[in-house]
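# Notes for the structure review
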Amino acid sequence: MPIQERGQFASDNGSGICPEAWEALERANRGSTPAYGDDGHTSAASDAIRAFFETDCEVFFTFNGTAANSLALASLCKSYHSVLCHERAHIETDECGAPEFFSNGTKILTVGGNEGKVSLDALEHQITRRKDIHYPKPKVISVTQCTEVGTVYTPDELKGVSRLARDYGLRVHMDGSRLSNAIAYLDVAPRKITWEAGVDVLCMGGTKAGLPVGEAVVFFRKELADEFGYRCKQAGQLASKMRFLSAPFLGVLESGAYLRHAAHANAMAEQLAQRLASIDGIALMYPREANAVFVQLPEALAEALREKGWRFYTFIGDAGARFMCNWSTTEADVDALVRDVAALG
Ligand SMILES: *Cc1c(COP(=O)(O)O)cnc(C)c1O
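Scoring rules and cut-offs
Residues numbered from 1 in each chain as written. Predicted model: local features only at pLDDT ≥ 70, side-chain atom pairs only at ≥ 80, totals over all residues. Heavy atoms only, no water. Helix = DSSP H or I, 4+ residues; strand = E, 2+ residues; numbered from the N terminus. Expected span 1.5 Å × (residues − 1). Buried < 20%, exposed > 50% of the residue type's maximum accessible area, 1.4 Å probe, protein only. Polar contact = N/O pair within 3.5 Å; in protein donor to acceptor, adjacent residues only side chain to side chain. Near = heavy atom within 4 Å. Areas by Shrake-Rupley, 256 points an atom, 1.4 Å probe, with all protein chains shown as cover. Nonpolar A, V, L, I, M, F, W, Y, C, P; charged D, E, K, R; others polar. Pairing = 2+ DSSP bridges. Right-handed = clockwise from strand over helix to strand, strands pointing away. Salt bridge = Lys/Arg side-chain N within 4 Å of Asp/Glu carboxyl O. Core = buried A, V, L, I, M, F, W, Y, C linked by side-chain atoms within 4.5 Å. Domains from an automatic or database assignment. Contact = heavy atoms within 4.5 Å. Axes fitted to C-alpha atoms, helices over the stretch in contact; angles between N-to-C directions.

## A look at helix 3 (residues 65–76)
For helix 3, with 12 residues, the first-to-last C-alpha span of 17 Å sits near the 16 Å given by 1.5 Å per residue. Burial of helix 3 is extensive: 10 of the 12 residues sit out of reach of the surface. Along helix 3, the residues classified as buried are A67, A68, N69, S70, L71, A72, L73, A74, S75 and L76. The N-terminus of helix 3 is capped by N64, whose side-chain oxygen sits 3.5 Å from the backbone nitrogen of T66.

## Concerning the site of the ligand
Around the ligand, the structure places N64, G65, T66, N69, H90, E95, T144, E148, D175, S177, R178 and K208. Between a nitrogen atom of the ligand and a side-chain N or O atom of D175, the distance comes to 2.6 Å. A distance of 3.4 Å is found between an oxygen atom of the ligand and a side-chain nitrogen or oxygen belonging to S177. Look at the ligand: alone it shows 380 Å² of surface, and the protein chains cover 82% of it. Among the elements that take part in the shell around the ligand, helix 3 stands out by supplying three residues, more than any other. Across the shell around the ligand, the residue classes break down as no nonpolar, seven polar and five charged.

## Topic: the pairing of strand 4 (residues 137–144)
Each regular strand shows side chains that alternate between the opposite faces of the sheet. Extensive coverage of strand 4 is indicated by the burial of six of its eight residues. Pairing of strand 2 (residues 81–86) with strand 4, which is carried by four bridges, proceeds in the parallel orientation. Looking at the pairing, V83 lines up with V140 of strand 4. Looking at chain direction, strand 4 and strand 5 (residues 171–176) are connected through five bridges and run parallel. Residue S142 lies in a different strand from strand 5, and its bridge partner there is H173. Note that the unit made of strand 4, helix 7 (residues 155–167) and strand 5 has a crossover that is right-handed.

## Section: the pairing of strand 10 (residues 321–324)
Every second residue of strand 10 is oriented toward a common face, with A321 and F323 on one face and R322 and M324 on the other, all of them buried. Where strand 9 (residues 292–296) lies against strand 10, four bridges are found, and the strand directions are antiparallel. Bridging from a neighbouring strand, V295 pairs with A321 of strand 10.

## Observations concerning the pattern of salt bridges
Using the criterion set out here, one finds 16 salt bridges in the structure. A salt bridge links K308 to D340; the shortest N-O distance between them is 3.5 Å. Remark: D340 occurs in helix 13 (residues 331–344) and K308 occurs in the loop between helix 12 (299–307) and strand 10; sequence separation between them is 32 residues. The class of K308 is exposed, set by a relative accessible area of 52%.

## Points about the nonpolar core
Nonpolar side chains in soluble globular proteins generally cluster together in the buried interior. Counting residues in hydrophobic clusters, the biggest one holds 54 residues, and the most contacted among them are I49, F61, I141, L202 and M204. Counting residues domain by domain, this core receives three or more from each of domain 1 (19–254) and domain 2 (257–344). Ignoring any residue separated from it by four or fewer positions in sequence, one finds L202 in contact with F53, M174, G176, L179, T194, A216, V217, V218 and F220. A269, L272, A273 and C325 belong to the second largest nonpolar core, which has 23 residues in total.

## A few points about the sheet that holds strand 9
Strand pairing in a sheet relies on backbone hydrogen bonds. The paired strands run either parallel or antiparallel. Judged by pairing direction, the sheet is antiparallel, and its three strands sit side by side in the order 8-9-10 without closing on themselves. Every other strand in the sheet has two partners, leaving strand 8 (283–284) and strand 10 as the edge strands with one partner each. In this sheet, strand 9 lies alongside strand 8 in antiparallel orientation, the contact comprising two bridges. By the bridge assignment, L284 is partnered in strand 9 with V295. The strands touched by helix 11 (residues 257–277) are strand 8, strand 9 and strand 10; relative to strand 9, the strand with the most contacts, the crossing angle is about 15 degrees.

As structure tokens, this is what we get:
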């Protein structure tokens, strides 16, 4: 396998480190600082996140999204509680049971819903179908923004979810590993789809947005963050050189690159979606809203593309092919892929 590959579409975490994050790392690399987050980069990055959301909130940094989600959910639940989410949710299908593990048994209950979004009716059914002591008590609704199929909840859709949660005394968790793509797509203030829409705890994506590593756990209700630091430490998620997780967040937030790069990735996905859809025999499976393009590909074509070296996932969504764009995807990358699809199809 070549050491370096260009222009791949398998996942946005195949991308490199964006220049703004890289530059922030270089700055953070000068001199020495206190460890375990007691450094100026980490406090400045936390302040930048508070400014981004225009509210006071508690911020923690973890190495990855699985840990961020799992620890955030564990902090909201007791072991006999349950978390409701879409059946395609990353916490259900792609975290190897970590949310249950770190919460000592909190059960994940799934619901359906079109285009990767939870159905309110299905949620209400799942919340109310049992009230007895034998059923794991529903405690949290978790939504993914953008969804696993690249669609985006609107502020009103999120408010509908949080209204339901409040009606039944549940909390709202958001898996925002691609939050920047959602904000860029909706072109709204970040607060509109987070705390103003009723989100209590957010896992804010860094890795897929151009950081080397790292996600932020953001508690909009500060009291929910009580003792969260211990949870991170026990789970092996307290970075001793914390500044290398936090400084890149500062770099992309203070420069505006966080949303600028997301808008670029979305625009590349739009080009790709339009051009693929115009090829005979290729159909889009979901509306292209963020940086993902899902298409139905004939099996022989998928195989031929793989043989040419293209990488993409076929296990997410309804058996289609997923092409992800990222901050570094170029028009030339899109051209090359479209040309091969047209030629091999
Ligand atoms: C990538 C991703 C995550 C984080 O995954 P890690 O590999 O643990 O960093 C979380 N949620 C969603 C929806 C993702 O796509």
